[in-house]
Amino acid sequence: MKLNSFLDKYDTVIFDMDGVITSEQNYWNCAALTVWEYLNWNSHREIDAADCMEHISEIRKKVFCDDELISVLKSRGVNSNWDLGYVTALIAWICSGKDSGNDNRDDFSDVLEYAKGLGDNIIDEYDNLAKKCSEVTGFDYDWLKRNELMWRTMRDIFQQWFLGDELFEERFGYRPLNPGKTGLLYREEPIINKDKLINVLELLSRDKRVCVGTGRPHIEMIQPITDWGIKQYFAPDGLCNYDHVVEAEKKLDNNALTKPHPYMFLKALYGTDYDDKLIIDENYDKEKIKSTLVVGDAGADILAAQAMGADFCAVLTGVQGKKAREYFEELGSTYILDSVEDFLLED
């Protein structure tokens, strides 16, 4: 096998993970379980975690309207699956109004219709949604804002489902409120054949810097690439993950550094030890960007790549599959492939 010739012009290749290298199925399952638990918990109804684990597919089908809601929100730049759950819950409360605290919700079609009316860049919508939710429910605006208590609570519930009771307690120091979660982390699968993925990364790493810019926290990024034996192909200082975003946002007092902001891809390109303020101030060698290719599956990825001035390769292995081709064509993606397997050619 050899690499496709279009890759010859690039010195650095930066991959998003979910929908590109890793399958997002477990994350979407996890986001659905998070919304389900959070809305039920706030309506004073008990959750049987073990039973929910057995009925993941039915819960996801309800919460995300046969995944159409995921497609709508992803197309507007929702990148983190924490944000996917957070936005879904906010809209559910907006649609329920004053009855949100007693909403025995089993149908999310109104949430889907509301989401279709959001603007194209979700970064501009987060604060508007929090304000609207506060207005119609009476809940405190500061509590509802992104990265504040509601968001952090949903993030922790998400982590409980994904890590499972034991690993969550080990990392966070307390037991989940609703125990019985075995952890979706242990069900991870690559999105293409593992041997083909190894071929792609091994060939790229021979003469290119191979990086990651992912919305996953470090533990969720490192586990699969270690388990699958591919960690060695990535630049050690090129693994930018959500933990870097948290640290930078705190240091710079800027809570908008997730994709579609280009911070994550820039941090991967210039190295995770590169100063965050220099990145935000655009104080770096811009020539390196000309030989950099970003690979992603979602709107947040292409918007971030274009914001930094890098070429972008869209892969049609995200939530919309081949239906996303037109979307990426309209946004001017440099390349559009069925999957990263298309990086390979037969000798």
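Described below are features of the structure shown in this document. Since the structure is predicted, the reported quantities are computational estimates derived from the model, not experimental observations.

Basis of the calculations
Residues numbered from 1 in each chain as written. Predicted model: local features only at pLDDT ≥ 70, side-chain atom pairs only at ≥ 80, totals over all residues. Heavy atoms only, no water. Helix = DSSP H or I, 4+ residues; strand = E, 2+ residues; numbered from the N terminus. Buried < 20%, exposed > 50% of the residue type's maximum accessible area, 1.4 Å probe, protein only. Contact = heavy atoms within 4.5 Å. 1 Å grid on protein atoms, 1.4 Å probe; cavity = no way out; pocket = protein on both sides within 12 Å on 5 of 7 lines; lining within 4 Å. Points joined across faces, edges and corners; volume = space filled by probe spheres on them. Nonpolar A, V, L, I, M, F, W, Y, C, P; charged D, E, K, R; others polar. Expected span 1.5 Å × (residues − 1). Pairing = 2+ DSSP bridges. Lys, Arg positive; Asp, Glu negative; His and termini not counted. Salt bridge = Lys/Arg side-chain N within 4 Å of Asp/Glu carboxyl O. Polar contact = N/O pair within 3.5 Å; in protein donor to acceptor, adjacent residues only side chain to side chain. Core = buried A, V, L, I, M, F, W, Y, C linked by side-chain atoms within 4.5 Å. Phe/Tyr/Trp six-rings, centres within 6.5 Å; stacked < 30°, edge-to-face > 60°. Lys NZ or Arg CZ within 6 Å of the ring centre and 35° of its normal.

**Some points on the environment of Thr-182**
1) Next: Mapped onto the elements of the fold, Thr-182 is located in the loop between helix H9 (149-172) and helix H10 (194-205).
2) Next: Residue Thr-182 is classed as exposed on the basis of its relative accessible area of 55%.
3) Next: Counting along the chain gives 16 residues from Thr-182 to Glu-166, while the straight-line C-alpha distance between them is 8.2 Å.
4) Next: In contact with Thr-182, not counting residues within four places along its chain, are Met-53, Gly-164 and Arg-187.

**Concerning empty space enclosed by the protein**
By rolling a water-sized probe across the atoms, one finds the places where empty space is left.
1) Next: According to the stated counting rule, one finds three cavities of 30 Å³ or more in the structure shown.
2) Next: Every residue lining the largest cavity is counted, 19 residues in all, and those nearest its centre are Asp-18, Asn-79, Ser-80, Asn-81 and Gly-215.
3) Next: Tallied by class, residues from the lining of the largest cavity come to five nonpolar, six polar and eight charged.
4) Next: Its volume calculated, the second largest cavity comes out at about 120 Å³.
5) Next: Lys-74, Asp-297, Ala-298, Val-319 and Gln-320 are, among the 17 residues lining the second largest cavity, the residues nearest its centre.
6) Next: Mapped by element, the contributors of at least two residues to the lining of the second largest cavity are helix H4 (68-75) and helix H16 (325-330).

**A look at helix H1 (residues 25-42)**
1) Next: Over its 18 residues, H1 runs 26 Å from end to end, which matches the ideal 26 Å to within 8%, given 1.5 Å per residue.
2) Next: Counting buried residues in H1 gives 15 out of 18 residues, a clear majority hidden from the surface.

**Let's talk about the pairing of strand E2 (residues 12-15)**
1) Next: Residues Thr-12 and Ile-14 point to one face of E2 and Val-13 and Phe-15 to the other, with burial holding for every one of them.
2) Next: Relative to strand E3 (residues 209-213), E2 is paired through four bridges, and the arrangement is parallel. The residue bridging Val-13 from the neighbouring strand is Val-210, located in E3.
3) Next: Pairing of E2 with strand E5 (residues 292-296) involves four bridges; the strand directions are parallel. Residue pairing across strands places Ile-14 opposite Val-294, the latter belonging to E5.

**What about the side chain of Lys-208?**
1) Next: Position of Lys-208 among the secondary structure elements: in the loop between H10 and E3.
2) Next: For Lys-208, which is buried and forms no salt bridge, the nearest opposite charge comes from Asp-207, at a distance of 4.1 Å.
3) Next: There is a polar contact of 2.8 Å between the side chain of Lys-208 and the backbone oxygen of Leu-7.
4) Next: The residues touching Lys-208, leaving out its near neighbours within four places in the chain, are Leu-3, Leu-7, Asp-8, Tyr-10, Asp-11 and Val-13.

**Here's the deal with helix H11 (residues 218-227)**
1) Next: By the burial criterion, the buried members of H11 are Ile-219, Glu-220, Met-221, Ile-222, Pro-224 and Ile-225.
2) Next: The inward-facing, buried residues of H11 contact H1, H9, E3 and strand E4 (239-240).
3) Next: Positive phi appears at Gly-229, one or two residues downstream of H11, with a value of about 75°.

**Considering the nonpolar core**
1) Next: Tyr-86 and Met-150 are the most contacted members of the largest nonpolar core, which has 87 residues in total.
2) Next: Residue contacts for Met-150: discarding those within four places in its chain leaves Tyr-38, Tyr-86, Ala-89, Leu-90, Trp-93, Trp-143 and Leu-144.
3) Next: Ranked by size, the runner-up nonpolar core spans 34 residues in total, among them Leu-204, Leu-293, Val-315 and Tyr-335.

**What about the packing of aromatic side chains?**
1) Next: Within the structure shown, the criterion is met by 21 aromatic pairs.
2) Next: Centroid distance Phe-139 to Trp-143: 5.6 Å. Interplanar angle 85°. Geometry classified as edge-to-face.
3) Next: Residue Phe-139 is classed as partly exposed on the basis of its relative accessible area of 24%.
4) Next: A relative accessible area of 22% places Trp-143 in the partly exposed class.
5) Next: The positively charged end of Arg-146 is found above the aromatic ring belonging to Tyr-126, 4.4 Å away from the centroid.
6) Next: In this structure, Lys-286 is placed above the aromatic ring of Tyr-284, and the distance from its NZ or CZ to the ring centre is 5.0 Å.

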